[in-house]
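# Survey of secondary and tertiary structure
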Protein chains: 4
Amino acid sequence: MSDSWNGGAAAVATLTFDVDAETPVLAHGARYAEHASTMSHQAYGPDVGVPRILDLLDELGLPATFFVPGWVAEQRPGLAAGIVERGHEVAHHSYSHRLPTSMAAGKERADFERALEVFSAQGIEISGHRAAGWEATWATTDLVAEHGLLYDSSLMGDDRPYLISSDAGTVVELPVHWSLDDWEQYAFLPDPHVGSVIESPVKVLEMWRTELDAMRHYRCLFNLTCHPFLTGRPSRMMALRQLIEYGLERGDVSFVRCRDVARRAAVDPALKPRRVAPPAPLS
Amino acid sequence: MSDSWNGGAAAVATLTFDVDAETPVLAHGARYAEHASTMSHQAYGPDVGVPRILDLLDELGLPATFFVPGWVAEQRPGLAAGIVERGHEVAHHSYSHRLPTSMAAGKERADFERALEVFSAQGIEISGHRAAGWEATWATTDLVAEHGLLYDSSLMGDDRPYLISSDAGTVVELPVHWSLDDWEQYAFLPDPHVGSVIESPVKVLEMWRTELDAMRHYRCLFNLTCHPFLTGRPSRMMALRQLIEYGLERGDVSFVRCRDVARRAAVDPALKPRRVAPPAPLS
Amino acid sequence: MSDSWNGGAAAVATLTFDVDAETPVLAHGARYAEHASTMSHQAYGPDVGVPRILDLLDELGLPATFFVPGWVAEQRPGLAAGIVERGHEVAHHSYSHRLPTSMAAGKERADFERALEVFSAQGIEISGHRAAGWEATWATTDLVAEHGLLYDSSLMGDDRPYLISSDAGTVVELPVHWSLDDWEQYAFLPDPHVGSVIESPVKVLEMWRTELDAMRHYRCLFNLTCHPFLTGRPSRMMALRQLIEYGLERGDVSFVRCRDVARRAAVDPALKPRRVAPPAPLS
Amino acid sequence: MSDSWNGGAAAVATLTFDVDAETPVLAHGARYAEHASTMSHQAYGPDVGVPRILDLLDELGLPATFFVPGWVAEQRPGLAAGIVERGHEVAHHSYSHRLPTSMAAGKERADFERALEVFSAQGIEISGHRAAGWEATWATTDLVAEHGLLYDSSLMGDDRPYLISSDAGTVVELPVHWSLDDWEQYAFLPDPHVGSVIESPVKVLEMWRTELDAMRHYRCLFNLTCHPFLTGRPSRMMALRQLIEYGLERGDVSFVRCRDVARRAAVDPALKPRRVAPPAPLS
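Calculation criteria
Residues numbered from 1 in each chain as written. Chains lettered and ligands numbered in written order. Predicted model: local features only at pLDDT ≥ 70, side-chain atom pairs only at ≥ 80, totals over all residues. Heavy atoms only, no water. Least-squares fit on C-alpha atoms with pLDDT ≥ 70 in both. Contact = heavy atoms within 4.5 Å. Buried < 20%, exposed > 50% of the residue type's maximum accessible area, 1.4 Å probe, protein only. Helix = DSSP H or I, 4+ residues; strand = E, 2+ residues; numbered from the N terminus. Arc of directions from axis to C-beta. Salt bridge = Lys/Arg side-chain N within 4 Å of Asp/Glu carboxyl O. Buried area = accessible area lost by both parts, 1.4 Å probe. 1 Å grid on protein atoms, 1.4 Å probe; cavity = no way out; pocket = protein on both sides within 12 Å on 5 of 7 lines; lining within 4 Å. Points joined across faces, edges and corners; volume = space filled by probe spheres on them. Nonpolar A, V, L, I, M, F, W, Y, C, P; charged D, E, K, R; others polar.

- Chain A is annotated in an unreviewed UniProt entry as Polysaccharide deacetylase of Phytoactinopolyspora alkaliphila.

Pasting the structure below:
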């Protein structure tokens, strides 16, 4: 039991926060820098959401993982270090939040390495990576392996950790999913047009609690993704708190940082490496 | 009563699973083969969803029908045979999941026959067909009849089986509907853009249970369509289990494979053949 | 009290059914005639939905109003007369379901008059009109007045009947609203792309019951619009039945045909005519 | 405590109504002036919604703030003065409801000043401004300061008031948010295409009540935005009433006009001015 990736827990919960700030909107078009309301909507994330999230985690005594684009760390000196000082993990979330699948060849590597340089200059130790917009290419996990990172968290091929082998080595994949992402529930912007109807935190809490229970049944990784500019709003914070308290009360859910579960997964003899590659053409 | 298509049950439930895997996305554009996250999202269907669904059906002792594109059967040897070995039906779901309504003339036939060849080579006996994307043309049921299949399940002209007569013979139609499809409730992809808000399984269970009750009242065919890459997720599996258990507890719902209800419908003297044809121009 | 449009009821409920059949899709593009699944989805309305609705109304002993495009009445001889024989009103819903706002000048009149000719040939007495897609132009109520109809039901300027005066005479407007329309809740088609998420009848029933209660408070016209191809589905029929039964149990809701409430409104001294006209330019 | 912006209340609630009438649709395209149904849908706001809202506020004895485009005030003489006479605040909501972010350079100033002229001519004292569509540019708060207004309410950088310093002076920002706006919940138009699914007031009431409770916890500004053409509908009015009554029953929520909370915020020593400016390029 103790050799397994989950350390004997029914479900392992990784609370992750993608601190995108202005990047997803600016990556959509540089002109949005002039849209003051929209920029303030995004700045709310690091300015109001992150402190509120850090306070909640303190209060609950739980560690979390913050995926930060290099540009955000650069523009807000002290943000990444401040997160680490509170006991959390900061991880690689691209430099610019431009999508790997929409970049010209070679650009993904440059963007990837530029973020590593930012974190290195700030003394932030990086163990893992998450592709911008969860839009990895097949080169993404190679880059992760080549740069000696332990894990990636961008793919959706399972709901438990799995191992990806590439020429550059083996990487632990901590899979994500759209249904455990606050973006599809809460995000709304008229321009660039983002989102559909804004859901109530009551619905989101119910949906995520149901998934947590089902993941306890199936013994999965509950890899939750929240964005401080979305989940940092008051009633959404209350829903997040209730979700976590629900998990704590179950007694069989382990809350850890991504790097902690990745370390266990890397040496779990039951997890076999998969080789990931593009499918055959449909012809 | 025993001569009727429903064998005396208040409602007949056909649990169907469309094992699309990567096909709907690749049919949208070959470039998506390079989108590693999206491809992993689709591969989850056969890799994780199907085994989980087969285990649930085993546990409940119920048979189901799996509609599989020929390309998927080809790319994953053993998938179709493995489903049949567990007591379920495998049925024809096109070769490529390209939509008949968007194909150039003659292409629909070629795609249709190529899938039959794949299943024939794998020793899978095919009794029925469902058009990719539920986008049949008027030629579709002719193709089904011409190739000696018993039924089609792509039209929406009723909520009970009906007979379609064509020059090539008579086919049983097992109608589908968007409201009994997990796609509209759960599917989300940013690119290709698919879906709107992701619904909670709590809502979906409630909606489908309400429809099952109403179909018991109206004595209909509860022809449910789930996709393993969507419904295979933990809490959605729990909702599917609860829906089935609810049906079993009613005592008047019969759970059968599509070919079983089609065989009964084919000889039900109360079902009259309809001739299907395009409407007159609006002029 | 007895002189008022509502005859003393807290709310007046007009159950209306827009029997569009294939027209909204064909108006979108003639090529859709080849889309067999989509055409069957639309044909379900007159073929399955209308008989089921008529049976429900019989059982509850209530009259309703069916807005039928001329093309639909023409293609399905006996449909309109059959509705009238069951005690309901058939009203004018354009000939082709093409939107007045998207028609070239002069076409709206031709389409309007062609429908009147169809109904006249079938011996159907027409008292009122509803614009296709609720997309009236400023000429629409003039056409209604000029042809001697009593009422229109396409505008949204109030939630009680109002009078519209034009050069051709005065027309009673029975206003509609998107929130009392089943289309926004239930409609889904991939191509032409229609709808977003498909809602549960449980939600729709709750929303409409809440509106009925509020309309009893504010003493309004509960002018409900359902489409047989949507609401004809089993669980939606059950929701409609529950809504009506809820209204009947209140004891202060009057269920009438559109022409009945229009006749009362036309002579209610409290209703003042409004002149409707385009707004000034925004400049 | 008494020096603080919230005057000791747990949450401060500003009920605001954006009386847009036809402007958002006409700003989308002048051709929509010919769409009679859509124009009536918008006119419902000032014609039916505003009187109903004023009656509710009277009954509850609460003050509110109405943001009115200059064009609307001009087209409906007496509307703005009538609102002020009932004890409410009328504030600046652009002249034309064209979005500042989509205007050519210089046009924002002209539109801004034209609205001030309209209100000046009508004797309406203006203390604050809200950008059309919540699409402010960085010049917007400069314009607000330059014209001596006390506050702006268009940005989303916090959920408490904050101070914005510009060369022209300091402005109080009363931030808004998409989740406290009735538009994303209720708006639906087919053309111009607006909205997705129409939500039930039951959901909206639950969501806003949850946010009010969370804002009481975090001590925020509950700055609610409703549109009379949307919220003026019967069941939505009932939901608004229930929300307000819920807040009143809490005993620690203060309901005030925007100018009242802005006056307190302007002299709260705990609020520090922020300089707002475009972010650095993503490079």
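## Brief notes about the relation of the copies chain D and chain A
- Each copy superposes on the other: chain D lies on chain A with an RMSD of 0.0 Å after a rotation of 90 degrees and an axial shift of 0.0 Å. Taken together, the rotation angle and the small translation identify this as a four-fold axis. Across chain D, the rotation axis passes nearest the C-alpha of D:S196, at a separation of 4.4 Å.
- When the interface residues of chain D are mapped onto chain A, a mere 8% of them again fall at the interface, so the copies present different faces.

## With respect to helix α11 (residues 258-266) of chain B
- The set of residues buried in α11(B) consists of B:C258, B:R259, B:V261, B:A262 and B:A265. Taken around the axis of α11(B), the buried residues stretch over an arc of 165 degrees, which confines them to a single face.

## Some words on the pattern of salt bridges
- According to the stated counting rule, one finds 72 salt bridges over all chains in the structure shown.
- With its nearest N and O atoms 2.7 Å apart, the salt bridge here joins A:R274 to A:D158. Residue A:R274 is found in strand β10 (residues 273-274), and its partner A:D158 is found in the loop between β5 (151-152) and β6 (162-166); the two are separated by 116 residues along the sequence.
- Overall, the relative accessible area of 29% leaves A:R274 in the partly exposed class.
- Overall, the relative accessible area of 12% leaves A:D158 in the buried class.
- Salt bridges sharing common partners tie together A:E199, A:K203, B:E199, B:K203, C:E199, C:K203, D:E199 and D:K203.

## Let's talk about the interface of chain C and chain D
- Facing the 39 residues of chain C at the interface are 40 residues of chain D.
- Both sides of the chain C and chain D interface together cover about 3300 Å² of buried area, and 59% of this is carbon and sulfur.
- Together, C:W178, C:Y218 and C:L282 form the three largest contributors to the area buried by chain C at its contact with chain D, with a combined 21%.
- Taken together, the links from chain C to chain D amount to two salt bridges.

## A few points about the relation of the copies chain C and chain D
- Aligned on chain D, chain C shows an RMSD of 0.0 Å; the corresponding rotation is 90 degrees and the shift along the axis is 0.0 Å.
- When the interface residues of chain C are mapped onto chain D, a mere 8% of them again lie at the interface, so each copy presents a different face.

## Structural notes on the arrangement of the chains
- Chain C makes no contact with chain A, the minimum C-alpha separation between the two being 9 Å.
- Regarding chain B and chain D, which are not in contact, the minimum distance between any of their C-alpha atoms is 9 Å.

## Let's talk about the layout of surface pockets
- Roughly 640 Å³ of volume is contained in the second largest pocket.
- Taken together, 24 residues line the second largest pocket, and the ones lying closest to its centre are A:K203, B:K203, C:K203, C:E206 and D:K203.
- At the level of secondary structure, the elements contributing two or more residues to the lining of the second largest pocket comprise α8 (201-218) of chain A, α8 (201-218) of chain B, α8 (201-218) of chain C together with α8 (201-218) of chain D.
- For the lining of the second largest pocket, a count of residues per class yields eight nonpolar, four polar and twelve charged.

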